[in-house]
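Residue strings, one per chain:
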Amino acid sequence: MKKTNNNNQLLMTILKGRTFIVLILLVIFFSIVKDNFLSPATLTMVAKHVSSFGILALGMTFVIITGGIDLSVGSVVGLVGMLAGGMIQEGVTLKFAGVTLYFSVPVIVIFMLIIGALIGMINGLIITKLNVAPFIATLGTMYICRGLANLRSNGATYPDLKGYEALGNTGFKTLGSNIAGIPAGVYVFVILAVIAVILLKKVPFGWRVLAVGGNEKSARLSGIKADKIKIMVYMISGFCAAWVGMINTAQLSAAQPAQGDGWEMNAIAATVLGGTSMAGGSGTILGTVVGAFVIGVINDGMTMCGVSEFWQKVIRGAVIILAVVIDQTQRNLQAKMALQARNENK
């Protein structure tokens, strides 16, 4: 029995550290296959992609911990990018007054973050007040946001978003530039990750999120306003998606309606790979960060190796399924070990 317990403990340790182990193995593999994988240029490229997927995954972590899902984040990325691009190039026309207003970049950033949070709030309200399943609610929002992104310019792209000095709206490209050799998006990712850790582990809000995901009925009986918590986590997800929309648009210096297409899958994959349970009730921000690095390394590594985009989708899908299977295996093992411990104490 003791040997079995030791084996279970070893297996549990491996399962808990699986994402970090996979990341190390991937870096070693791609650095052997491609000599320039660890070059500064490649690492900068990976950092850009990791920061985008990672920021989306931070918001997704809160949502999934509550037992939900947010399929709209990729479309929010595209919509926010188009709205920001339109505000820079065309301003906001007030037809009733016959004037066009142009805003500074900080004001545009604030507007876009509010829009992202509002979309998240709408998701949360549909789920909590109309009792629509998160998958269906956010799937509908995904299509709505993508349609609105195309309607903003009739499917056209807003190119060269440098702004106009005379109008005081220059500087948007800074969000996509390198600061001290590091992409600006990485700084945003780090700041948001620190805030996310504090929210999840250091303040009552995080404990309530975990409680709602662990057992919503018990959480309600203990006085937690579960609906309010759910609305807030979707607002966080929309807020994070808005950041990615602006950062990615600034990196490209152009806004296009298809921006962010399919990125919700990368966010979900990073979150689940990081150990957040699809069943809800458990998850860590550090795990999500490592999961984002795994997804970024896989995507860029496969691209550098010339792997077809079609095969990349197959592999990403397989990664998500494998992550869920491993998570279920870990949960079953934890339950088995807890049962054994109770039996030994009798």
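Everything in this summary refers to the structure shown in the same document. (Residues numbered from 1 in each chain as written. Predicted model: local features only at pLDDT ≥ 70, side-chain atom pairs only at ≥ 80, totals over all residues. Heavy atoms only, no water.)

**Some details on the packing of helix H3 (residues 40-65) against helix H7 (residues 184-202)**
Thinking step 1. Packing of H3 against H7 brings their axes to within 8 Å, and their N-to-C directions diverge by 20 degrees. The orientation of H3 relative to H7 falls into the category roughly parallel. For the pair H3 and H7, the crossing hand works out as left-handed. Where H3 abuts H7, its residues Ala 47, Val 50, Ser 51, Gly 54, Ile 55, Leu 58, Phe 62 and Ile 65 lie against Gly 185, Val 186, Val 188, Phe 189, Leu 192, Ala 193, Ala 196, Leu 199 and Leu 200.
Thinking step 2. Taken together, the residues of the contact of H3 with H7 break down into 14 nonpolar, three polar and no charged. (Axes fitted to C-alpha atoms, helices over the stretch in contact; angles between N-to-C directions. Helix = DSSP H or I, 4+ residues; strand = E, 2+ residues; numbered from the N terminus. Parallel < 35°, antiparallel > 145°, perpendicular 65-115°, else oblique. Left-handed = near helix turned anticlockwise from the far one by under 90°. Contact = heavy atoms within 4.5 Å. Nonpolar A, V, L, I, M, F, W, Y, C, P; charged D, E, K, R; others polar.)

**Describing the packing of aromatic side chains**
Thinking step 1. Counted according to the given criterion, the structure contains five aromatic pairs.
Thinking step 2. Each ring, one from Phe 29 and one from Phe 30, has its centre 5.2 Å from the other, and the planes form 70 degrees; the classification is edge-to-face.
Thinking step 3. Here the aromatic rings of Phe 103 and Phe 111 are separated by 5.3 Å at their centres, their planes lie at 80 degrees, and the arrangement is edge-to-face.
Thinking step 4. Among the aromatic residues, ring-to-ring pairing joins Phe 29, Phe 30 and Phe 37 into one connected group. (Phe/Tyr/Trp six-rings, centres within 6.5 Å; stacked < 30°, edge-to-face > 60°.)

**Structural notes on the nonpolar core**
Thinking step 1. Residues Ile 55, Phe 172, Trp 243 and Met 246 are the most contacted members of the largest nonpolar core, which totals 86 residues.
Thinking step 2. Considering each element in turn, this core owes the most residues, 13 residues, to helix H10 (residues 226-252).
Thinking step 3. Not counting the four nearest positions on each side in its chain, Met 246 is found in contact with Val 80, Val 109, Met 112, Leu 113, Phe 172 and Leu 175. (Core = buried A, V, L, I, M, F, W, Y, C linked by side-chain atoms within 4.5 Å. Buried < 20%, exposed > 50% of the residue type's maximum accessible area, 1.4 Å probe, protein only.)

Nothing here speaks to function; it is all geometry.
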